[in-house]
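Notes for the structure review
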Amino acid sequence: MKYDSLSDLVKEAEKQELPLCKLILKDQAEVAETDEKILFENMKRSLEVMRESVENGLDAEKRSASGLTGGDAFKMNEAVKANKNICGKIFGEAMVKALAVSQTNACMGRIVAAPTAGSCGILPSALLTISDDRNIPNDDVVMTLFTASAVGMVIANKASIAGAEGGCQAECGAASAMAAASLVELCGGTPRQSEHACAIALKNILGLVCDPVAGLVEIPCIKRNAMGVANAFVAAELALAGVESAIPADEVIYAMKKIGEAMSPALKETAEGGLAATPTGKKLCEKVFGSCQNCK
């Protein structure tokens, strides 16, 4: 399969009467000329790293080398455990995990780029939260990572998953779309509903710029991961309820590509615009580096 159209993947899954994950695993095993079990075990190890990155990011004392971030996942976790968050247990725990994985990345810990380091907290937080809450078997979670991968490949092939090329819509947007599609599958939805969830999630983040303060993947990236998983849950909920995207996923992906092309270079990971160019953003840059070309 070419992985240049999500609609085509869904049609093929429907034709073969397979969930997307099994279709993708079957195809990738054929492409790699290897056994499906080997690819499954490789993906299983990725899920294990995702779990580890959550645990490592909950350390209350750990700070990034820049000193700009740290401890937010712990704070959020304490609020959830005390029933002080306003959005309920599942939503709160998803935000905790998203912050934790992103914090692990900021502290140079091991993460799974899903699809990038800057958006690494969205997919694991979505899948681990719902699977833990519903006691979904680990193997099912591993399998749905193949669906997430397929969505990511389509977006990468037809648009971009790089903030430097398409802004944060390409990173957190792609990750949120991958998570939404996977959540739908994990909760018993159809391939077509996964397609709609992908479209809805990506539509919601169109135009999001990449403006890292001091050029580091910390501010606002970590909190945007929490936003990204929230968006994934919204999209999955809508799709599972039968709500459809008026614009097909493939067209949404193309729209994202065109928006990225029209976006100013200052808003695509250069730290020359957006939040990075605010007075406080410039002060934080100076605090980290002593002097900063973009601070002048």
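Above this text sits the structure in question.
Every chain is numbered independently, its residues counted from 1 as its sequence is written. In keeping with the predicted nature of the model, local features appear solely for residues at pLDDT of at least 70, side-chain atom pairs appear and are counted solely at 80 or more, and the whole-chain, interface and lining totals rest on all residues. The basis for the side-chain values is all heavy atoms of the structure; hydrogens and waters are excluded.

A few points about the overall build of the protein
The condition is simple: Think of it this way: any DSSP run of H or I at least four residues long counts as a helix, any run of E at least two long counts as a strand, and we number them from the N terminus. Relative accessibility thresholds used throughout: buried, under 20% of the residue-type maximum; exposed, over 50%; partly exposed, between the two (1.4 Å probe, protein chains only). Contacts are residue-level and defined by heavy atoms, with any inter-residue pair within 4.5 Å sufficient. Methods summary: accessible areas were calculated by the Shrake-Rupley approach with a probe of 1.4 Å, and residue burial reflects only the protein chains presented.
Looking only at helices and strands, the protein features 13 helices and zero strands. Walking the protein from its N terminus toward its C terminus, one meets helices and strands in the order α-α-α-α-α-α-α-α-α-α-α-α-α. For the protein, buried positions account for 53% of its 296 residues. Contacts spanning at least 24 positions in sequence make up 74% of the contacts within the protein whose residues lie at least 6 apart. Surface summary for the protein: the accessible area is close to 13,100 Å², and the carbon and sulfur share equals 53%.

Regarding a negative patch on the surface
Note the threshold: Residues enter a patch when their relative accessible area is above 30% and they make no salt bridge; the linking distance is 9 Å between like charges and 5 Å between nonpolar side chains (Val, Leu, Ile, Met, Phe, Trp, Tyr). Throughout this description, the term salt bridge denotes a Lys or Arg side-chain nitrogen within 4 Å of a carboxyl oxygen of Asp or Glu. The convention is simple: Lys and Arg are positive, Asp and Glu are negative, and His and the chain ends are not counted. To locate a charge, the coordinates of NZ of Lys, CZ of Arg, CG of Asp or CD of Glu are taken.
Negative charge collects at one region of the surface, where Glu41, Glu48, Asp139 and Asp140 lie side by side. Looking at the secondary structure, you find Asp140 in helix H7 (residues 138–158).

Observations concerning the environment of Ala241
If you trace the backbone, Ala241 turns up in the loop between helix H11 (221–240) and helix H12 (249–262). A relative accessible area of 64% means that Ala241 is categorised as exposed. Separated by 48 residues in sequence, Ala241 and Gln193 place their C-alpha atoms 9.2 Å apart.

A closer look at helix H5 (residues 89–106)
For an α-helix the count is 3.6 residues per turn, leaving residues at separations of three or four pointing the same way. Spelled out, the test is: Helices are assigned an expected span. That span is 1.5 Å times one less than the residue count.
The end-to-end C-alpha separation of H5 is 26 Å, in line with the 26 Å expected for 18 residues at 1.5 Å each. Of all the 18 residues making up H5, 14 are buried; the element is thus mostly covered by neighbouring parts of the structure.

With respect to the side chain of Ser182
Relative to the helices and strands, Ser182 is located in helix H9 (residues 168–186). A relative accessible area of 0% places Ser182 in the buried class. Among all residues touching Ser182, those that are not within four sequence positions of it are Leu123, Leu127, Thr144, Thr147 and Ala148.

Re unusual backbone geometry
With glycine set apart, most residues show a phi of negative sign, and most peptide bonds adopt trans. In the segment running from Ala114 into Pro115, the intervening peptide bond is cis, with an omega of 5°. Along the chain, Pro115 falls in the loop between H5 and helix H6 (122–134). That bond from Ile219 to Pro220 is cis: its omega, 5°, falls within 30 degrees of zero. Following the sequence through the fold, Pro220 ends up in the loop between helix H10 (191–204) and H11. Non-glycine residue Asn135 carries a positive phi angle of around 55°. By the element assignment, Asn135 lies in the loop between H6 and H7. Phi is positive for Ala214, close to 60°, though the residue is something other than glycine.

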